[in-house]
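# Structural characterization, general
Listed here are the chains, written in short residue letters.
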Amino acid sequence: MTIGWKKILKSSGIVAGSLVLFVAVAGPLFVHCSPQFGAAPTEAQKLEYAKTGHYEAGVFTNPEPFQLKIDCHSLGAMMRELLEPDPNLAPPVNVDVVPVDAKGVGQLGVDQTRITWLGHSSFIVELQGLVLLLDPVFGPYPAPVPIPGRRRYSNEVPIELDEIPRVDAVVISHDHYDHLEYGTIAKLRERARFFLVPLGVGNHLRYWGVDDDRIRELDWWEETRVDDLEVVLTPSRHMSGRGFNDQAATLWGSWVLVGARHRVYFSGDGGYGGHFAEIGAKYGPFDVGLMECGQYNDLWRGVHMTPEETALAGRDVRASWIMPIHWGAFSLAAHAWTDPVERLVRAGRELGLPVVTPRIGESVTVGDDEKPVAPWWERYGRRQDPH
């Protein structure tokens, strides 16, 4: 009996050791061979980044530092949330989308502005006669590999990439997978006129086959133009990274779009801070603020706003009305999927700040008196009330 157990233990040890060895070898090999992880900056680029004033020891930094709560208590809380998520973490059924009329895209005059939400933080923005794609993610998962239980809420996207008649510029806020997707960029690399990205993100694009002369990498407060549209990369309080060893290796930010008649602010991701008021003072008021609202947690509050902070940020940038983004498509945090929009609507009402809530695929035209505000998410019900 003793010999039998020794054999079992020995065999188990061999299996466990082999598994560890496989992970140790296969993991780095997968990262190295998989294009979706992107490319790292060169030493010459790092020297240039150091001149910005917010790049130290190989990483970009925030104007207002934050500390993520990483200790035994926080790790335990994260494990509990992972094992016992909110029962309404995702909708119980498929979320329907509004099909986008491809023939109408790009047909507006230079004095008209239309914003079409594609879910999460992805948009078609028609402004100053141009067609812009903001943080386009058209794949089913916001990750390099499929993650069980984290699939897109909708079986379809409002419009397929190849249906969009033209793309004048792709605008990226940072390189996290739910904002920068290899598959989407691979389909756009021959079609988009320009790619506007924060410092360092251009390395990913070049690695994926985008021509260098179509990539514009910007630092915070740096301005560029696409025809008659002024585009500015402004700060956000966030982070970046696509693997284990490239955290904060590229810059992150928000975007200001300034046309002759209309101004649009796109927050990207980030925690609440004084930069919103600074942006509002320099470039506001804005006709609309597309504001991050979702995938928050007290454990990482420094890099993702609560809905109440989203309302404050919208007020700070001096937006006439705001639209919640970073919700409605994927579950990347532990809260119920409708909590962000429900809390933001209440907070906006308290501040006297209008909150527009289009369905996924629904367009909003700046200047129209009638804007979508119906609680469309309520039609999908709830699995149960966790309270």
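The structure we're discussing is the one just above.
This section reports on the structure supplied with the text.

## Observations regarding a negative patch on the surface
The grouping of Asp96, Glu156, Glu160, Asp162 and Glu163 at the surface amounts to a negative patch. Locating glutamate 163 in the fold gives a position in the loop between β5 (130–134) and β6 (169–171).

## Notes on helix α8 (residues 339–351)
Given a rise of 1.5 Å per residue, 13 residues ought to cover 18 Å, and the 18 Å separating the end C-alpha atoms of α8 matches this to within 8%. Along α8, the positions that sit buried rather than exposed are Pro340, Val341, Leu344, Ala347 and Gly348. The buried residues of α8 all sit within an arc of 130° when viewed along its axis, so they share a single face. Along α8, the residues that are exposed and aim more than 90 degrees away from the buried face are Arg349 and Glu350. Close packing links the buried residues of α8 with α7 (307–316) and β14 (322–325). The positive-phi residue at the C-terminal boundary of α8 is glycine 352, with phi of around 70°.

## Quick notes on the pairing of β14
Burial along β14 is two-sided: the face carrying Ile322 and Pro324 and the face carrying Met323 and Ile325 are both buried. Two elements, strand β13 (residues 288–292) and β14, share four bridges in a ladder whose sense is parallel. By the bridge assignment, glycine 289 is partnered in β14 with isoleucine 322. Each parallel crossover has a hand, and for β13 linked through α7 to β14 it is right-handed.

Calculation criteria
- Residues numbered from 1 in each chain as written.
- Predicted model: local features only at pLDDT ≥ 70, side-chain atom pairs only at ≥ 80, totals over all residues.
- Heavy atoms only, no water.
- Patch = residues over 30% accessible without salt bridge, like charges linked within 9 Å, V, L, I, M, F, W, Y side chains within 5 Å.
- Areas by Shrake-Rupley, 256 points an atom, 1.4 Å probe, with all protein chains shown as cover.
- Salt bridge = Lys/Arg side-chain N within 4 Å of Asp/Glu carboxyl O.
- Lys, Arg positive; Asp, Glu negative; His and termini not counted.
- Charge placed at Lys NZ, Arg CZ, Asp CG, Glu CD.
- Helix = DSSP H or I, 4+ residues; strand = E, 2+ residues; numbered from the N terminus.
- Expected span 1.5 Å × (residues − 1).
- Buried < 20%, exposed > 50% of the residue type's maximum accessible area, 1.4 Å probe, protein only.
- Arc of directions from axis to C-beta.
- Contact = heavy atoms within 4.5 Å.
- Pairing = 2+ DSSP bridges.
- Right-handed = clockwise from strand over helix to strand, strands pointing away.

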